[in-house]
Amino acid sequence: MKYINEFRDPQIAKQLAMAITQAATPSRQYRLMEFCGGHTHTIHRYGLPSLLPDNVEMIHGPGCPVCVLPIARIDQAIALANMPGVILCSYGDMLRVPGSHQQSLLQAKARGASVRMIYAVDEALLLAQQHPDQEVIFFAIGFETTTPPTAHCLQRARDLNLHNFSVFCNHVLTPVAMACLLDHQTNATEMAQLDGFVGPAHVSIVTGSKAYEDVCHRYQKPIVIAGFEPLDILQSILMLVEQVNAQRCEVEIQYTRAVTREGSLLAQDLMDDVFELRETFEWRGLGFIPLSALQIKAKYTDFDAEKKFVLPESVGVEHRQCDCGSILRGLKKPLDCKLFATVCTPQNPLGACMVSSEGACAAVYAYGRMS
């Protein structure tokens, strides 16, 4: 398969691994965070840690949108789904994430709530057209990758005068989360100490590499935006090691076949038309981060579920022994959690990191338990 097998060539992987070993100074430690959960899955699926020297450590980051959504917002989504005359729609992984007291949207559905799994927000818009007597709410989550489609559907709903459609908006921003991690590095008990980032791929197609330049220069941490194939990640690790050695701090693009500095101007214009910054937003594991998420602008208020419905106050109740928060901050690895692969499995997830296809615990459970 052209453009797939080329990025999985074992001989090139060996050459890159050797180049990393030769470049890594034996007397120092390189602590690199792969921000994106998709990268975490590639790293474990292809056994990349076994190819790296002992002093190059890969650390899981908070780049799983399902994982970072706080329990309080899940509780509110369940409350919306339980309202009479409401159809709540969201992506599949989100339906299985436990809220307070281990209740999920799927369990709400089993008790009679109208909850639908969809693959694209357009399906929720179509449901609203097919069921004019019911309120259709899209439970929107994700980083900048999934934000433009939500924005487009809000524009379509306004154009169609489809006032039985609304969005429960939970879109969050990648660069702000990176800054939060680095802001807290001074306290080793709160955040992992990091030397650089493997930057997200799909997000960067939308935002462009320029979105990370402020974080890179302000905190003096190199960032290399990587593709999702194993050779992409190995090359990105080599680029980071070389930057650290040279004491350079730049945003570099390894994923040049898809990412530019400017990103998608069309997608950015869509987001600017529909969304604005929230004053603050809670992230699982990171707490409340100012200006880290988006809310729907006033001109789309009629389609904002947070304005149309009264949402209950919720503080969210985490499982007492779940280490998702520490894993998302890079302080622990999935194997450090006493629940991992015992009572917490993909079939019976007790924490969000075991649910999502981008979750660190799900990645290690599937590929990395023996590594």
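Chemist: Looking at this structure, how should I read the overall build of the protein?
Modeler: Along its length, the protein carries 15 helices and 13 strands. Considered along the principal axes of its C-alpha atoms, the protein spans approximately 65 × 45 × 45 Å. Taking all 371 residues of the protein together, the buried fraction comes to 58%. When the accessible surface of the protein is summed, it comes to about 15900 Å², and 53% of that surface belongs to carbon and sulfur atoms. Of the side-chain charges in the protein, 31 are positive and 38 negative, and the distance between the mean point of each set is 4 Å.

Chemist: What's the story with the pairing of strand β7 (residues 196–199) in this structure? I'm lost.
Modeler: Side chains on a regular strand alternate between the two faces of the sheet. Residues Gly196 and Val198 line one face of β7 and the alternating positions Phe197 and Gly199 line the opposite face, and both faces are buried. Judged from the three bridges that link them, strand β1 (residues 30–36) and β7 form a sheet pairing that is parallel. Within β7, the residue paired with Glu34 across the bridge is Val198.

Chemist: Looking at this structure, how should I read the sheet that holds strand β5 (residues 135–142)?
Modeler: Neighbouring strands of a sheet are bound in pairs by backbone hydrogen bonds; such pairs are parallel or else antiparallel. Strand order in this open sheet of four strands is β4-β3-β5-β6, and the pairing throughout is parallel. Here the strands that pair on one side only, and so sit at the sheet edges, are β4 (115–117) and β6 (165–171). Neighbouring strand axes in the sheet, compared pairwise and without regard to direction, differ in orientation by 25° on average. Both β5 and β6 contribute to a ladder of seven bridges, which runs parallel. Residue pairing in the sheet places Ala140 in a bridge with Cys169 of β6. On top of the sheet, helix α6 (residues 121–130) reaches β3 (86–90), β4, β5 and β6; it is set at about 170° to β5, its chief contact.

Chemist: Looking at this structure, I do not really get the pattern of salt bridges. What am I missing?
Modeler: Note on pairing: side chains with opposite charge can pair once their charged atoms come close. Enumeration according to the criterion identifies 18 salt bridges in this entry. Through salt bridges that share partners, Lys210, Glu213, Arg261 and Glu262 make up one connected network.

Chemist: How should the sheet that holds β7 be read in this particular structure?
Modeler: Taken in spatial order, the five strands make up an open sheet running β2-β1-β7-β8-β9, and their pairing is parallel. Whereas interior strands pair on both sides, the edge strands pair on one side only; in this sheet they are β2 (56–63) and β9 (251–253). Here the strands of the sheet are splayed against their neighbours by 25° on average, with no regard to which way each runs. As paired elements, β7 and strand β8 (residues 223–225) share three bridges and run parallel to each other. Its bridge partner being in β8, Phe197 is matched across the sheet by Ile223. Helix α2 (residues 37–45) rests against β1, β2 and β7 of the sheet, and its axis sits at about 120° to β1. Here helix α8 (residues 174–183) sits on the sheet and contacts β1, β2, β7 and β8; the angle it forms with β1, its principal contact strand, is near 150°.

Chemist: Even after reading the chapter, I still don't get the layout of surface pockets, so can you show me in this structure?
Modeler: As a volume, the largest pocket reaches approximately 420 Å³. Around the largest pocket sit 22 residues that line it, and Pro65, Thr145, Thr146, His202 and Glu358 are the ones nearest its centre. Mapped by element, the contributors of at least two residues to the lining of the largest pocket are β1, α3 (65–68), β5 and α9 (202–207). Class assignment of the residues belonging to the lining of the largest pocket gives a composition of 11 nonpolar, nine polar and two charged.

Chemist: Explanation requested: the environment of Val66 in the structure shown.
Modeler: Structurally, Val66 can be placed in helix α3. When the C-alpha positions of Val66 and Val167 are compared, they lie 17 Å apart, and in sequence the two are 101 residues distant. Not counting residues within four places of it along the chain, the set of residues in contact with Val66 comprises Asp93, Met94, Val97, Ile141, Ala352 and Ser356.

What counts and how
Residues numbered from 1 in each chain as written. Predicted model: local features only at pLDDT ≥ 70, side-chain atom pairs only at ≥ 80, totals over all residues. Heavy atoms only, no water. Helix = DSSP H or I, 4+ residues; strand = E, 2+ residues; numbered from the N terminus. Buried < 20%, exposed > 50% of the residue type's maximum accessible area, 1.4 Å probe, protein only. Areas by Shrake-Rupley, 256 points an atom, 1.4 Å probe, with all protein chains shown as cover. Lys, Arg positive; Asp, Glu negative; His and termini not counted. Charge placed at Lys NZ, Arg CZ, Asp CG, Glu CD. Pairing = 2+ DSSP bridges. Axes fitted to C-alpha atoms, helices over the stretch in contact; angles between N-to-C directions. Contact = heavy atoms within 4.5 Å. Salt bridge = Lys/Arg side-chain N within 4 Å of Asp/Glu carboxyl O. 1 Å grid on protein atoms, 1.4 Å probe; cavity = no way out; pocket = protein on both sides within 12 Å on 5 of 7 lines; lining within 4 Å. Points joined across faces, edges and corners; volume = space filled by probe spheres on them. Nonpolar A, V, L, I, M, F, W, Y, C, P; charged D, E, K, R; others polar.

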